[in-house]
Structures are given as C-alpha cells and as structure tokens.
Amino acid sequence: MRNGGRNVVKTSFLTYNELNYMNTKIKMKAIIFCLCFACALPLGAQTNLLPNGEIWSDENGVHINAHGGGILFHDGRYYWFGEHKIEGTAGNLAHVGVHCYSSSDLRNWTDEGIALHVSDNPESDIARGRCILERPKVIYNAQTKKFVMWFHLEVGGNYQSARSGVAVADCVTGPYQFLRSMRINEGFWPMNVAGHLKELLRPDEVEYIAELRLTGGFHPDYPRDMVFRRDFIGGQMARDMTLFVDDDGKAYHIYSSEENGTLHIAELADDYLSHSGAFVRIFPGRFHEAPAIFKKDGKYFLFASGCTGWAPNAARLATAERIMGEWTELGNPCRGSKEECETTFRAQSTFVLKVHDKDEWIFMADRWCPNNAIDGRYVWIPIRFDAAGTPYLTLEENEPGE
Ligand code: GAL
C-alpha cells in the first residue's frame, strides 16, 4: 500500500444459507478458499504510516534524525533509535551520537533527545567527528532491567576497524553509557564449520589473503573459508548489524563479517553486554549487508541487501526453522516495477518492526543521502505474506496475495 492512507481489508464470505445449499465437498472447498484468501491479506486495519521518502517531521516540525535505526517497544511506547547525521558529507562521521524518538502510533514522534553522546575526548573510541557510528539497535534485558545498545563502530572513521560498540542505560531514552568497543568472539570457532577448517591460517594463506586486498566490497576471488580463520585471534569483523531477542529471552547479534562477504549470527551473553562465543556463519561469499530479522509462526525471516555502499540494490530474503540455521535464500522479496525491485524501492533495509498487539510487521529502510547525510529519508513498508506464508514487499495498495 502507499503509506499515506489506510488500507481497507476486503475478504469474501458466504452466508449461512448459501453454505447450507451446497454439498459437503463444495462446502469444504469454499471454506478452504475463503481461509486461504483471508490469510493472504493483512489482518485488521494496517498501521497508518508516514509517506515514504518525504520529510518526516517530529512534534517540533523537524525532520527525524534517526538513520540506520531500530525500534524498541517498551511500556506501551515505541522508541526509535538511529544515527544522528549532520549536514554535508561530514555527516557520514559521528558528530553527535544516537538520537531517540518516541511514539504511541508510529506516526507522531516526540524528540527524546540524544540517547548516546559521542565523546569529547579525542582518545575515546567514540570520539566526536573521528569515528563512524552506524545502525544502533537497543534491546531490553528483563533480568538486569537494563537497556542495551549495540552499534557498528569504525574507530578512526575510515571503515578499517570493523568493530562493535556497546552501551547501557537504566532508562529507555538514556543517557546510555558507552562501555567499550570490540571485535567479536575472539578465540571461538563458528559452530557450523567442519573440523578441518578450525585451524589458524598458514603463513602462505595469510600472504595470499593480504594480496587480495579485500576492501569490504564484492571480490570475485573472495576466499570463502579463510577470513574467519585469520580473525580467530583478534576477533571477527562486524559492520552492518541488527539485534534480535527470541521468545526465550536469548539475544542475537547479526552482522556482516569477514570483509563483508559473510553474515554471522552470534548469541549474546545472558546480560546482553558481550558475546557468548556461540556463532554461525551464513551465506559465505554472498556479501549480504543491512540484515533485518523477524520471526512469524515459529519461522525466522531475514531481509538483507547486497553490498554496494550507499547506493541501493536488490533486497534478499532468507528463512530458517532455527535461528542458528540452516538458512535458505528465497530470492528478492520486492514486487513492483523493475526499478523498484532492483533498488528495494530506492532504499536499504535496517530493521523489521513487529507492531505491538497486531499480526503485522514493518520493513524499515533508509534512502541514504551521502552528500548531505542529514537529508536521508525513510521507507517503511508493511510486510505482506503470500498464501504459503512467504513475506513480500510492495507499494501497491490491496495487492492480493497468491
Ligand atoms: C552501506 C551500509 C551503510 C554504510 C554505507 C557506507 O552498505 O549499509 O550502513 O556503512 O555502506 O558506504
């Protein structure tokens, strides 16, 4: 649907009398048809979202500044955390921190201020104007009653360090205290690799990999089974990322690793402040970025993009029965014009939001503006499901499922 208006749900039903006149076989077929048709459509009136790609004003009339963000629903309100950008290309570095907004309806947003401030200490990993701080996500730990924020951090501001930052707060809106930055799961092997790969790289392999000059973009000779071995000592790289809390309270950090060529799904420790050491590699050599995950009816779904920097590309969808895999790719989830499908509606995924108390999920994406970072726009699309339960994305209103 176009996000400006309400979506009217149309279902077809037969009257009791009509049903009574049918023989049982036809009756069964009619009932199954009605059920399938109803299932393929969204349930209830869809959440009324802001118009994609336009200026999204907060209650002060200021464009919302929360790029690459994620949303936490807590105590009856949605809290949106994202990168605060400034004007120009300078805005691609972190000058301010992580901005927070809150809303009860996903349409009217209150500015809650800066949840995590960058540091004025030039020695800090999150030094103002000297680092890149991207894709912040916040989760709530019910055991410790703390709010935990993770983000992609490039200390030095040049996409070399591929680190993760963690910060913590007692109150959802902050202030968040920066704890530390790190590479991930130093000294742990992935759970899903064969024993013969659980070996450090030989010196000739170290040299080989160095000569490839992997830059974080697609490389035709990407060595699928080497980078995680190189980074066993020192920890795994992590760039584009998201967080996910499962029904059992276990939390996961999902990130582009191994020079962006391979996704990792890594379990967090019980307090969510570090990693447990359990992790899997998925889709080695596919260069997935911008992961955004959700769970529906016991199945996991993962949206991602390809790896083309700020320029949008075709989205990818994958599914699994268990979060640690096996994961299977399902192709491009977009439906629309060629251009819309090839560019994910000119946007890149950042998060999937479960609407509270509704059988509804929203695909959140960014339309980046790297030349004037503050002017990045937002594209939020209610996720549709076809008759087989496979998610898809469309801007068409009332498009029937299959
Ligand atoms: C994108 C990534 C963004 C940002 C950008 C820098 O692929 O999703 O978060 O890192 O690259 O070029």
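### Concerning the pairing of strand β4 (residues 110–117)
Side-chain positions along a regular strand alternate between the two faces of the sheet.
Okay, step 1: Direction of pairing for strand β3 (residues 97–103) relative to β4: antiparallel, over a ladder of 5 bridges. Directly across from H99, in β4, lies its bridge partner I114.

### Quick notes on the layout of surface pockets
Okay, step 1: The calculated volume of the largest pocket comes to roughly 850 Å³.
Okay, step 2: Every residue lining the largest pocket is counted, 33 residues in all, and those nearest its centre are L72, F244, V245, D246 and K354.
Okay, step 3: Where the lining of the largest pocket is concerned, the elements lending two or more residues are β1 (67–74), β5 (131–141), β9 (241–245), β13 (289–296) and β18 (348–354).
Okay, step 4: Of the residues belonging to the lining of the largest pocket, the class tally is 20 nonpolar, 6 polar and 7 charged.
Okay, step 5: Looking at the second largest pocket, its volume works out to about 320 Å³.
Okay, step 6: Lining the second largest pocket are 17 residues, and of these E134, Y159, D240, E289 and G309 sit closest to its centre.
Okay, step 7: Across the lining of the second largest pocket, the residue classes tally to 4 nonpolar, 7 polar and 6 charged.

### Digging into the sheet that holds β9
Okay, step 1: The sheet built from 4 strands is open, its strands ordered β9-β10-β11-β12 with antiparallel pairing. Edge strands, defined here as strands with exactly one partner in the open sheet, are β9 and β12 (275–282). Here the average twist between neighbouring strands, direction ignored, is 25°.
Okay, step 2: Across 6 bridges, strand β10 (residues 251–257) lies against strand β11 (residues 262–268) in antiparallel orientation. Note on β11: the bridge partner recorded for S257 is T262.

### Describing the nonpolar core
Okay, step 1: Counting residues in hydrophobic clusters, the biggest one holds 21 residues, and the most contacted among them are F81, L116, L133, M149, F151 and Y176.
Okay, step 2: Mapped onto this core, the elements with two or more residues apiece are β2 (77–83), β3, β4, β5, β6 (146–155) and β7 (163–169).
Okay, step 3: The biggest single contributor to this core is β6, with 4 residues.
Okay, step 4: Setting aside residues up to four positions removed in sequence, Y176 forms contacts with F81, A115, L116, V138, F147, V148, M149, A167, V168, A169 and C171.

### Notes on the side chain of S161
Okay, step 1: For S161, the position within the fold is in the loop between β6 and β7.
Okay, step 2: Of the residues examined, S161 reaches a relative accessible area of 16% and is grouped as buried.
Okay, step 3: Within the local environment of S161, its side chain forms a polar contact with the backbone nitrogen of V155, the two atoms lying 3.0 Å apart.
Okay, step 4: If sequence neighbours within four positions are ignored, S161 has contacts with L153, E154, V155 and R183.

### Overview of empty space enclosed by the protein
Okay, step 1: Applying the stated rule across the entire model yields 1 cavity of 30 Å³ or more.
Okay, step 2: The calculated volume of the largest cavity comes to roughly 60 Å³.
Okay, step 3: Lining of the largest cavity is provided by E83, H84, K85, G91, N92, L93, A94, G97, I132, L133 and E134.
Okay, step 4: Here the lining of the largest cavity takes 3 residues from β5, the largest share from any one element.
Okay, step 5: Looking at the lining of the largest cavity residue by residue, the classes come out as 4 nonpolar, 4 polar and 3 charged.

### Some details on the state of the cysteines
Okay, step 1: For the structure on display, the rule yields 0 disulfides.
Okay, step 2: Of all cysteine sulfurs, the one in C341 lies closest to C334, which takes part in no disulfide; the gap is 5.7 Å.
Okay, step 3: A relative accessible area of 7% means that C334 is categorised as buried.

### Thoughts on the sheet that holds β18
Okay, step 1: In space, the 3 strands of this open sheet follow the order β18-β19-β20, with antiparallel pairing throughout. Whereas interior strands pair on both sides, the edge strands pair on one side only; in this sheet they are β18 and β20 (377–382). Neighbour-to-neighbour, the strand axes of this sheet turn through a mean angle of 25°, independent of strand direction.
Okay, step 2: Across 6 bridges, the pairing between strand β19 (residues 361–367) and β20 is antiparallel.

### Remarks on the environment of T242
Okay, step 1: Position of T242 relative to the elements: it lies in strand β9.
Okay, step 2: Residue T242 is classed as buried on the basis of its relative accessible area of 1%.
Okay, step 3: For the pair T242 and F351, spaced 109 residues apart in sequence, the C-alpha separation works out to 7.1 Å.
Okay, step 4: The residues contacting T242, other than those within four sequence positions of it, are K137, Y252, H253, I254, P291, A292, I293, T350 and F351.

### Examining the site of the ligand
Okay, step 1: Residues in contact with the ligand, as listed here, are E134, R135, Y159, D240, E289, G309, W310 and Q348.
Okay, step 2: Between R135 and the ligand, the recorded distance is 2.8 Å, taken from a side-chain N or O atom to an oxygen atom.
Okay, step 3: Contact between the ligand and E289: an oxygen atom at 2.5 Å from a side-chain N or O atom of the residue.
Okay, step 4: Alone, the ligand offers 310 Å² of accessible surface; in the complex the protein occludes 90% of this.
Okay, step 5: Given that more than half its atoms are within 2 Å of the pocket grid, the ligand belongs to the second largest pocket.

Definitions and limits used
Residues numbered from 1 in each chain as written. Predicted model: local features only at pLDDT ≥ 70, side-chain atom pairs only at ≥ 80, totals over all residues. Heavy atoms only, no water. Pairing = 2+ DSSP bridges. Helix = DSSP H or I, 4+ residues; strand = E, 2+ residues; numbered from the N terminus. 1 Å grid on protein atoms, 1.4 Å probe; cavity = no way out; pocket = protein on both sides within 12 Å on 5 of 7 lines; lining within 4 Å. Points joined across faces, edges and corners; volume = space filled by probe spheres on them. Nonpolar A, V, L, I, M, F, W, Y, C, P; charged D, E, K, R; others polar. Axes fitted to C-alpha atoms, helices over the stretch in contact; angles between N-to-C directions. Core = buried A, V, L, I, M, F, W, Y, C linked by side-chain atoms within 4.5 Å. Buried < 20%, exposed > 50% of the residue type's maximum accessible area, 1.4 Å probe, protein only. Contact = heavy atoms within 4.5 Å. Polar contact = N/O pair within 3.5 Å; in protein donor to acceptor, adjacent residues only side chain to side chain. Disulfide = S-S within 2.5 Å. Near = heavy atom within 4 Å. Areas by Shrake-Rupley, 256 points an atom, 1.4 Å probe, with all protein chains shown as cover. Sits in = over half its atoms within 2 Å of the grid points.

Interpretation in functional terms is not warranted from these geometric data alone.
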